[in-house]
Amino acid sequence: MSENSSSATKKISTYLTMIVLIVLALSMVALISSVNLMVEGNEIAAGYLLIIGLIAMALSLYVMIQSRRRIAEMKIEAPKVMTTIECRKCGFKSLREFQRGDFVFKELEPCQKCNEKMMITAIYKEVREREKTFAF
Amino acid sequence: MLAVLPALTGQLGGAGDSISQILSILFYVIFIVFLFYGQRIQMYVMIREVEGSLYKLKYIKDEGRRIAIETIKELGKPQTDPSARVDRYLDYFTITPQSMDPAGIVYKLDHILDVRDTRLKDEVKLMAPASDEVQINNLENTLEAAMALNYIYKVVRHYYIQGKKTLSLYIIMQLQMILPLVMKEAEAYASALKAFAYGQPIGDGVGPLVAAKLMHGYETRKVPKDCVVAEVPLEGRTALVMKAEGPGGNVGKPGDAIKAVIDENKGKIAAVIMIDAGLKLEGEMVGEVAEGVGAAIGGPGVDQFKIEEALVDYHIPIYAVIVKEDIGDAVSPMRKEISDSVDRVIERVKSVILERTKEGDKVIIFGVGNTIGIGQ
Ligand SMILES: [Zn+2]
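Just so you know, these numbers come straight off a predicted model, no measurement behind them. (Residues numbered from 1 in each chain as written. Chains lettered and ligands numbered in written order. Predicted model: local features only at pLDDT ≥ 70, side-chain atom pairs only at ≥ 80, totals over all residues. Heavy atoms only, no water.)

### Digging into the packing of aromatic side chains
Part 1 of the argument: Going through the model one piece at a time under the given rule, you end up with three aromatic pairs over all chains.
Part 2 of the argument: One aromatic cluster in this structure is built from Phe-27, Tyr-28 and Phe-31 of chain B.
Part 3 of the argument: Taking the ring centre of Tyr-124 of chain A as reference, the NZ or CZ of Lys-336 of chain B above it sits at 5.2 Å. (Phe/Tyr/Trp six-rings, centres within 6.5 Å; stacked < 30°, edge-to-face > 60°. Lys NZ or Arg CZ within 6 Å of the ring centre and 35° of its normal.)

Structure follows, in structure tokens:
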């Protein structure tokens with residue numbers, strides 16, 4: 001079932017790229033003939049063809065870039081998760097990347113300074129704030 | 001632009017005669033096409049939009065399945081390839097009890113959920129024979145997130161195909177309208193899946209984290225079901241601090257646990273304080289602490305019902321302290337703001353205890369949520 005629909009969506013997307021390519025080719029033709037007309041001296045017609053060619057080219061490029069960007073967006077972002085390790089006795093603190101098996105209040109190897117066992121006190125991810133801020 | 005072209009050609013005439021004629025005909029054709037097929041064009045635009053999201057959903061759910069299978073292989077060391085079993089698991093469904101005559105439905109639902117839980121856990125044990133109890137809990141959570149992603153994908157695909165088959169603007173439009181929210185949920189599940197697979201604490205775990213911080217260093221004992229309790233002296237009162245048993249992915253059954261502890265103390269409890277993650281509205285800050293009354297607990301409602309019932313029997317007041325976060329934060333690895341809010345929550349809990357109870361009283365403090373990655 002899932003294979004079925006994926007082939008259907010693939011067909012649609014190849015169809016779309018075909019249309020985009022055709023439009024791109026047509027816009028090229030329009031631009032070239034506009035240059036030809038310009039050389040012949042028919043400036044108004046050349047201008048029209050230039051406008052049409054540019055618009056068509058811009059549109060097809062826009063659609064192409066859009067679908068490119070959609071593919072690029074398709075990544076599940078994985079933020080770095082950090083583990084804070086603390087010594088309860090002397091307050092020695094260290095930060096490292098999360099490792100499988102870590103959990104809050106897990107006891108680890110003894111502290112480097114005193115011989116008290118160290119403990120994980122926090123596990124968190126830091127989010128770079130890129131949300132828009134609003135006036136309210 | 002198109003409207004300007006024929007006007008221009010009209011004015012300039014003469015020079016590019018044939019071209020101006022072609023352009024004005026083109027203009028009329030475009031005008032007529034838009035007049036009669038405007039709605040259809042709009043629909044195709046919408047279909048394309050839905051299609052893009054569907055691509056992304058498919059990618060997310062395949063990625064989820066892949067991570068789940070990889071984690072099972074890594075932790076469970078199965079003899080055979082678990083893929084087929086995982087695929088079967090992803091299609092697992094649960095039928096909720098009939099609600100025409102709703103009396104007693106809570107216990108029926110509770111029973112069904114128990115059956116489901118046992119069944120799924122057994123399935124995970126078969127898939128990953130080498131994993132320990134903590135890993136089994138984490139794998140179960142991972143698979144449940146993959147299950148949710150699979151379901152979202154299937155439903156969206158259903159309406160998409162139905163919309164294309166019927167070419168009904170209204171089916172497509174409904175789908176397109178809710179799509180941003182659906183995508184947000186799917187992304188939340190995707191990040192939850194990764195957190196579960198690695199055993200990282202999630203935002204929803206702020207309740208258990210507060211409870212763990214209060215009970216750390218004191219003796220704990222188990223209470224039904226999958227919860228732990230510790231007697232902690234706090235501001236001259238005795239606090240019975242409770243949470244689900246960690247560090248495996250687990251929410252326990254707070255309803256049964258609170259009822260058991262109240263019964264053990266024969267109802268002599270001065271207050272119940274629940275700590276949970278609460279859904280924030282847009283514009284509120286992540287990690288804000290708020291306070292109120294009532295049973296702060298999500299899920300299907302079974303536990304809330306049981307807690308409320310147990311409290312009514314003994315007329316015990318119930319207070320709630322919540323930490324604000326949005327749905328994405330709640331199921332993805334815990335944000336620093338949330339982790340940092342723990343001390344503020346403890347201050348709030350202490351002030352509630354000081355204001356609302358007398359010295360020597362017993363209070364229950366329950367940290368509600370998934371305790372994945374949080375010990376005690
Ligand atoms: Zn030390």
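Past the structure itself, the notes keep going.
### Considering the domain arrangement of chain B
Residues and elements named next belong to chain B.
Part 1 of the argument: What the domain assignment lists for chain B is domain 1 (46-198) and domain 2 (203-367).
Part 2 of the argument: The centre of domain 1, based on its C-alpha atoms, is set 28 Å off from the matching centre of domain 2.
Part 3 of the argument: Between domain 1 and domain 2, the contact holds 17 residues from the first and 18 residues from the second.
Part 4 of the argument: Taking both sides of the interface into account, the surface hidden between domain 1 and domain 2 amounts to around 1400 Å²; carbon and sulfur atoms contribute 60%.
Part 5 of the argument: Between Asp-117 and Lys-225 there is a salt bridge; the shortest N-O distance is 3.8 Å.
Part 6 of the argument: Across the domain 1-domain 2 interface, the total number found is six residue pairs in polar contact (both at pLDDT 80 or more). (Domains from an automatic or database assignment. Contact = heavy atoms within 4.5 Å. Buried area = accessible area lost by both parts, 1.4 Å probe. Salt bridge = Lys/Arg side-chain N within 4 Å of Asp/Glu carboxyl O. Polar contact = N/O pair within 3.5 Å; in protein donor to acceptor, adjacent residues only side chain to side chain.)

### Observations regarding the coordination of the zinc ion
Under ideal tetrahedral coordination, the four donors around a metal are separated by 109.5 degrees; under ideal octahedral coordination, the six donors are separated by 90 or 180 degrees.
All names here are of chain A.
Part 1 of the argument: Distances from the zinc ion to its protein donors, namely Cys-87 (SG), Cys-90 (SG), Cys-111 (SG) and Cys-114 (SG), fall within the range 2.2 to 2.4 Å.
Part 2 of the argument: Considering all four donor atoms around the zinc ion, the spread of angles at the metal, 102 to 114°, places the coordination shape in the tetrahedral class.
Part 3 of the argument: Here the donor residues of the zinc ion share one chain and are spaced in sequence as C-x2-C-x20-C-x2-C. With Cys-87 in strand S1 (residues 81-87) and Cys-114 in the loop between strand S3 (107-110) and strand S4 (117-125), this pair connects stretches of sequence that are 27 residues apart. Of the two residues, Cys-87 and Cys-114, neither departs from the other in class, the shared state being buried. (Donors = N, O, S within 2.8 Å, 3.2 Å for Na, K, Ca; no water. Tetrahedral: all angles 85-135°; square planar, octahedral: opposite > 155°, others 65-115°. Helix = DSSP H or I, 4+ residues; strand = E, 2+ residues; numbered from the N terminus. Buried < 20%, exposed > 50% of the residue type's maximum accessible area, 1.4 Å probe, protein only.)

### Focus on the packing of helix H5 (residues 133-166) of chain B against helix H6 (residues 169-198) of chain B
Residue and element names in this part refer to chain B.
Part 1 of the argument: Between H5 and H6, the least distance of the axes is 9 Å, while the angle of their chain directions is 165°. It follows from the interaxial angle that H5 and H6 lie roughly antiparallel. Considering only the axes of H5 and H6, their crossing is left-handed.
Part 2 of the argument: Across the contact of H5 with H6, the residue classes break down as 19 nonpolar, six polar and one charged. (Axes fitted to C-alpha atoms, helices over the stretch in contact; angles between N-to-C directions. Parallel < 35°, antiparallel > 145°, perpendicular 65-115°, else oblique. Left-handed = near helix turned anticlockwise from the far one by under 90°. Nonpolar A, V, L, I, M, F, W, Y, C, P; charged D, E, K, R; others polar.)

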